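# Structure assessment
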Amino acid sequence: MIVKPYTQTLYMEALISLNKRLHKSHPKYLSLREELHRNIAGNIGEEAVMNFLEKVNLPYKFYAFHNISLYGESLIQMDILLISQYYAVILEVKNIQGEIEFKSHPFQLSRTLATGERHSFESPEIQLQEYIYQLNGIFKETGISIPIYGAVVFPFTSSYMKTPPGKTTILFRNEIRFYLRNLGTQNPPLSLEDLNNLKNFILNKTIIYNPFPLTQRYLIHPNDIIIGVECTSCNFAGMKKVARHWICPRCKNVSNDAHDQTIKDYFLVYKNSISNKECRHFLKLNNIHEATRILKNANLIKTGKYKDASYKMHFTH
């Protein structure tokens, strides 16, 4: 049963906003473009695996979660987590095309494209073992003791495994069902009530990964960010306020609420608090009262009064 379905991560949304609003001449633009493409590929792979899990039938109850972040010794961010009365399984999804080689001493994953171009990545083996270790500690603190397994999943056959790892389990998406059916299911460590409690514990304890604003994470000066309300039709950042509407000078699109996404972009990319003056600057507004109305209607958290008032956004997913 899927209890936390696939959703696009907030980090992905922030990367999209940053790529749209960062000047293309910026020295970090190309590397951030590559980071966006890697995350898009990763999200496509995770969605494909979650869709596959929706169709998996096992002779016992299990729960599946997408994008779980928990604090153990540090923050662990698991692509997919499965739990049952018998075990927990962490699935680390890698949507990497080409000829795949796992290397050790040091641990590394490399791939070779059909063009002969080679790329190297951090080893998912080490990441997976760290997640298993920390999840085991998190469970023990709550009195839960069940075997925890892990596998690196390649969702598409565009990946060719030339050199598999020595110990870590590697699966293609269509092998997941067979893998789960062959895990031990004798003498379940958890009752159904325990399993339900564990499910609720995970849902309640998962946290939102919040590296925002991305200008701070990637050491980008806010002045390098393109400001202005983005057109909901042509994506031009420069809609003009006319009465209670926004109009795009490029495509003439009219919108009542185009500022909503721009306010969110501000917090994801630009700064973590906003004043009336900063709102007018970022949205290119001249009217202080219009900025006040927008900020009050944006479901933001307000601190301070009058000229000292500032607002923050609480992210919920």
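For the structure shown, the criterion picks out ten salt bridges. Measuring nitrogen to oxygen at the nearest pair gives 2.8 Å for the salt bridge that ties E35 to R38. In this pair, E35 and R38 both sit in helix 2 (residues 29–53), three residues apart, roughly one turn of the helix. On the basis of relative accessibility, which here comes to 45%, the residue R38 falls in the partly exposed class.

What follows deals with unusual backbone geometry. The amide bond that connects H105 to the next residue, P106, takes the cis arrangement and shows omega of 0 degrees. Along the chain, P106 turns up in the loop between strand 5 (98–103) and strand 6 (108–112). Residue P213 follows F212 across a cis peptide bond; omega there is 0 degrees. Residue placement: P213 occurs in the loop between helix 5 (192–205) and helix 6 (214–217). Notably, K252 is not glycine yet its phi reads approximately 70 degrees, a positive angle. Among the structural elements, K252 can be located in the loop between strand 12 (245–247) and strand 13 (254–255). Here the phi dihedral of K284 falls at roughly 60 degrees; this positive angle occurs in a residue that is not glycine. Relative to the assigned elements, K284 resides in the loop between helix 8 (276–283) and helix 9 (288–296).

Attention shifts here to the sheet that holds strand 11 (residues 240–242). Reading across from one edge, 11-12-13 is the order of the three strands in this open sheet, with antiparallel pairing throughout. The strands lining the two open edges of the sheet, one partner per strand, are strand 11 and strand 13. As judged from the two bridges shared by strand 12 and strand 13, these two strands associate in the antiparallel manner. Looking at strand 13, one finds that I247 is bridged to V254.

Next up on the list: the packing of helix 8 against helix 9. The N-to-C vectors of helix 8 and helix 9 enclose an angle of 100 degrees; their axes lie 9 Å apart at closest approach. Considered as vectors, helix 8 and helix 9 are oriented roughly perpendicular to each other. Along its contact with helix 8, which presents N276, C279, R280 and L283, the element helix 9 presents I288, A291, T292, I294 and L295. Residue classes in the contact of helix 8 with helix 9 are distributed as six nonpolar, two polar and one charged.

With respect to the helices and strands, the residue H259 is situated in helix 7 (residues 259–270). Sequence separation of H259 and S310 is 51 residues, and the distance between their C-alpha atoms is 18 Å. Residues contacting H259, with those up to four places away along its chain left out, are V229, W246, L283 and I294. One polar contact links H259 to W246, side chain to side chain, over a distance of 3.0 Å. Within the structure, the side chain of H259 is placed 3.2 Å from the side chain of D260, a separation counted as a polar contact.

Criteria and thresholds
Residues numbered from 1 in each chain as written. Predicted model: local features only at pLDDT ≥ 70, side-chain atom pairs only at ≥ 80, totals over all residues. Heavy atoms only, no water. Salt bridge = Lys/Arg side-chain N within 4 Å of Asp/Glu carboxyl O. Helix = DSSP H or I, 4+ residues; strand = E, 2+ residues; numbered from the N terminus. Buried < 20%, exposed > 50% of the residue type's maximum accessible area, 1.4 Å probe, protein only. Pairing = 2+ DSSP bridges. Axes fitted to C-alpha atoms, helices over the stretch in contact; angles between N-to-C directions. Parallel < 35°, antiparallel > 145°, perpendicular 65-115°, else oblique. Contact = heavy atoms within 4.5 Å. Nonpolar A, V, L, I, M, F, W, Y, C, P; charged D, E, K, R; others polar. Polar contact = N/O pair within 3.5 Å; in protein donor to acceptor, adjacent residues only side chain to side chain.

Function-wise, these values are silent; they only describe arrangement.
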